[in-house]
Amino acid sequence: MDDVLERPRPQPATPTLDPAEEESSGSEDGGLDWTKLPKVGAVRPVIPKRGEKDFEPAAGGGSGLQAHVLDRARAAMFDALKADRAISSKSASYGIWCPQISRVHVTVARGIHFSAMGHSAARPTSIDNGSTKLQKRLELLPEEALYLIERGALFCWKDIQTDLTGLDDIEGAPMSVQQAFAEIIGKEDLTLEKYQVFAYLRRLGYVVTRTDPPSPSYPVPPPRVGSAPLSFYQRLSSIFSLFTASVLRFLRGSNNWWRPLGISRWIHHDKSYGKVFKSLRVIPAGHSVAPHSSRATPVAPSSPYKIFYNMYKPSTNFRKTIPPQPDFQVVVVNARTAFVPSLYELTELFNVLPEIPPPLPRKRGAPSVVQSSPVAVASPVHTSTFKHIFSWLLPSSTPQPVTSQPRPHPFAALKAGKKNIVIAAVDSGNISFFRFSQGAFEEWPTL
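Quick caveat: nothing in here was measured; it's all calculated off a predicted structure.

### A word on the overall build of the protein
Move 1: Helix and strand counts for the protein come out as 12 helices and 10 strands.
Move 2: Per-residue burial over the protein gives 25% buried out of 447 residues.
Move 3: Pairs at least 24 apart in sequence give 63% of the contacts found in the protein among residues at least 6 apart.
Move 4: Accessible surface, the protein: about 31,800 Å² in total, of which carbon and sulfur atoms supply 58%.

Structure follows, in structure tokens:
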């Protein structure tokens, strides 16, 4: 029954379509028509549009015409793939691969690639009288140089010891892409998986730099700004709180799980919901508590989960001399040899990451303007000081000022997390990105 249905049969006549409709329908269904590509000698080949299928499978095999059309399309595809890449001489850059320092010295820099790649380094250079002096020059890391060579934007020569001052001093043929892969992969902790992640992100428009500087001249982001120093009243209140807590702990004795509040329920500081929920927690929670492990070193020194790249969004105002704080930090692993990260490996990663602020809520209309009382503005200095001390001693009897800044949404903050890490798993060239975030459920007691 199935053989009868699969036999070729005459198709009913279809109404003639408008050429525009026929082109739009053909662009949605079918494969690429590789025969529309120009020959290999063409300078700028054009990517073909989608067209109709060349043949339809049949039970008895295709006809000679279908086989001929299929072979012609296959041959056109191979001709398009083996075409030589062409680049304008006005946009080509030139460099020298120095295997002793694992850097590419860029002698001629052209194009927009160097706005986000390359760094300045001082190297000893010989002068006419035989002495040497330090001179700054533009250098590329191994992954940056290999990326430009693969794109055809950089002609690179290997290990030329002469002091090049122009293009006339360059002799010999530049390295091919195959030779560049053989020379550069393996230098400066660069593996094939790490280069594939770097090239993939660069093609998408992201700016990618090294997290650990490979040399002292490599620019790194400035340290994050810490919290503001505490005022005198904040220091005094913290000291008083520690003294009160120690006295109450002495009067209460051992902690009773059935009465977690103890005699502290008479203190006004424990009457808020946050304090009550915190007192009810008898089991330690939060990421400040280190995970327990029976082994002395739960994370092996050879663990592949180490941060390697800093990643910036295309919209980031990036300056390679003074890079800002990265938007993401990436760990690159080989999916064939690395296992799923354990809790201890994730903890080691999160310990070196800074905390990010919670996302701001969406603005729904104009913010309300809070009118300040004229009496508070006209009050003398000593009255405001006594009022501050009185409100600190009895916060429940003093009205709290209304702030116009909205509180962050708890679910959005839990989804974003306090710390984030991106793990790129490379499986034979297929790259998958996974984001791991550190939540803070214990900080939201009203959920």
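### Overview of the pairing of strand β4 (residues 132-140)
Move 1: With 2 bridges joining them, strand β2 (residues 103-108) and β4 adopt antiparallel strand pairing. Directly across from Val-104, in β4, lies its bridge partner Leu-140.
Move 2: Relative to β4, strand β3 (residues 119-126) is paired through 8 bridges, and the arrangement is antiparallel. What sits directly across from His-119, in β4, is Glu-139.
Move 3: Hairpin connection between β3 and β4: a loop of 5 residues separates the two successive antiparallel strands, and Gly-130 in this loop has a positive phi of roughly 95°.

### Quick look at helix α4 (residues 142-151)
Move 1: Counting buried positions along α4 gives 8 out of 10 residues, so the element sits mostly inside the fold.
Move 2: Taken residue by residue, α4 has Pro-142, Glu-143, Glu-144, Ala-145, Leu-146, Tyr-147, Leu-148 and Ile-149 as its buried positions.

### Concerning the sheet that holds strand β1 (residues 93-98)
Move 1: The strand order across the open sheet formed by 5 strands is β3-β4-β2-β1-β5, and the pairing between neighbours is mixed. Since the sheet does not close on itself, it has two edges, and those belong to β3 and β5 (154-158), each with one partner. Ignoring which end each strand starts from, the neighbouring axes of this sheet average 45° apart.

### Some details on the nonpolar core
Move 1: Of all hydrophobic cores here, the largest spans 32 residues; its most connected members are Leu-140, Leu-148 and Tyr-309.
Move 2: Elements that contribute at least two residues to this core include exactly β2, α4, β5, α5 (177-184), α6 (192-203), β7 (307-312), β8 (328-334) and β9 (419-427).
Move 3: Counting 12 residues, the second largest nonpolar core, distinct from the first, contains Tyr-305, Val-333, Ala-338 and Ile-423.

### Some points on the sheet that holds strand β6 (residues 207-210)
Either a parallel or an antiparallel arrangement is found when strands of a sheet pair, and the pairing is made through backbone hydrogen bonds.
Move 1: Read across the sheet, 5 strands follow the order β6-β7-β8-β9-β10 without closing on themselves; strand pairing throughout is mixed. Edge strands, defined here as strands with exactly one partner in the open sheet, are β6 and β10 (430-438). Neighbour-to-neighbour, the strand axes of this sheet turn through a mean angle of 30°, independent of strand direction.
Move 2: In the sheet, β7 pairs with β8 via 4 bridges, with the strands oriented antiparallel.

### A closer look at the packing of α4 against α5
The description of two helices packed together rests on the angle between their axes and the distance between the axes.
Move 1: Packing of α4 against α5 brings their axes to within 10 Å, and their N-to-C directions diverge by 170°. It follows that α4 is roughly antiparallel to α5 by the angle criterion. Residues Pro-142, Ala-145, Leu-146, Ile-149 and Glu-150 of α4 form the contact with α5, whose participating residues are Val-177, Ala-180, Phe-181 and Ile-184.
Move 2: For the contact of α4 with α5, the per-class residue count stands at 8 nonpolar, no polar and 1 charged.

### Quick look at the packing of aromatic side chains
Move 1: Tallied over the full model, the rule gives 8 aromatic pairs.
Move 2: Residues Tyr-94 and Trp-157 carry aromatic rings whose centres are separated by 5.9 Å and whose planes lie at 25° to one another, so their mutual orientation is stacked. You can see Tyr-94 sitting in strand β1 and its partner Trp-157 sitting in strand β5, a full 63 residues away along the chain.
Move 3: Centroid distance Tyr-147 to Phe-198: 6.1 Å. Interplanar angle 90°. Geometry classified as edge-to-face. Residue Tyr-147 is found in helix α4, and its partner Phe-198 is found in helix α6; the two are separated by 51 residues along the sequence.
Move 4: Three or more aromatic residues link up through ring pairs in this structure, and these residues are Tyr-147, Phe-198, Phe-308 and Tyr-309.

### What to know about unusual backbone geometry
Move 1: One non-glycine residue, Ser-102, adopts positive backbone phi at about 55°.
Move 2: With respect to the helices and strands, the residue Ser-102 is situated in the loop between β1 and β2.
Move 3: With a relative accessible area of 9%, Ser-102 lands in the buried category.

### Some points on the packing of α4 against α6
Move 1: It is at 10 Å that the axes of α4 and α6 come closest, and there the two elements cross at 60°. Accordingly, the angle class assigned to the pair α4 and α6 is oblique. Of the two elements, α4 crosses α6, and the hand of that crossing is right-handed. Taking contact as the criterion, the partners of Glu-143, Glu-144, Leu-146, Tyr-147 and Glu-150 in α4 are, on α6, Tyr-195, Phe-198, Ala-199, Arg-202 and Arg-203.

Calculation criteria
Throughout this description, residue numbers start from 1 for each chain and increase along the sequence as written. Only residues with pLDDT of at least 70 are given local features in this predicted model, and only at 80 or more are side-chain atom pairs given and counted; all residues enter the totals for whole chains, interfaces and linings. Calculated side-chain values reflect all of the structure's heavy atoms, with hydrogen atoms and water omitted. Strands are runs of DSSP state E lasting at least 2 residues, helices are runs of H or I lasting at least 4, and numbering of each runs from the N terminus. When a residue's accessible area, from a 1.4 Å probe over protein chains only, is under 20% of the maximum for its type it is buried; when over 50% it is exposed; and in between it is partly exposed. Whether two residues touch is decided by their heavy atoms; if any such pair falls within 4.5 Å, the residues are in contact. Calculation of accessible area relied on Shrake-Rupley with a 1.4 Å probe; when residues are assessed, cover is drawn exclusively from the protein chains displayed. In short, DSSP must find at least two bridges between two strands for them to pair. Comment: axis = line fitted to C-alpha atoms, over the contacting stretch for helices; angle = value between 0 and 180 degrees taken between N-to-C directions. Remark: nonpolar core denotes a set of buried residues (Ala, Val, Leu, Ile, Met, Phe, Trp, Tyr, Cys) joined through side-chain atoms within 4.5 Å. For classification purposes, an angle smaller than 35 degrees is called roughly parallel, one larger than 145 roughly antiparallel, one from 65 to 115 roughly perpendicular, and anything else oblique. Charged means Asp, Glu, Lys or Arg here, nonpolar means Ala, Val, Leu, Ile, Met, Phe, Trp, Tyr, Cys or Pro, and polar covers whatever is left, Gly included. Geometry of aromatic contacts follows a simple scheme: Phe, Tyr and Trp rings, the Trp one being its six-membered ring, pair when their centres are within 6.5 Å, and the pair is stacked under 30 degrees between planes, edge-to-face over 60, tilted otherwise. The handedness criterion is simple: a crossing whose near helix is rotated anticlockwise from the far helix by less than a right angle is left-handed, and one whose near helix is rotated clockwise is right-handed.

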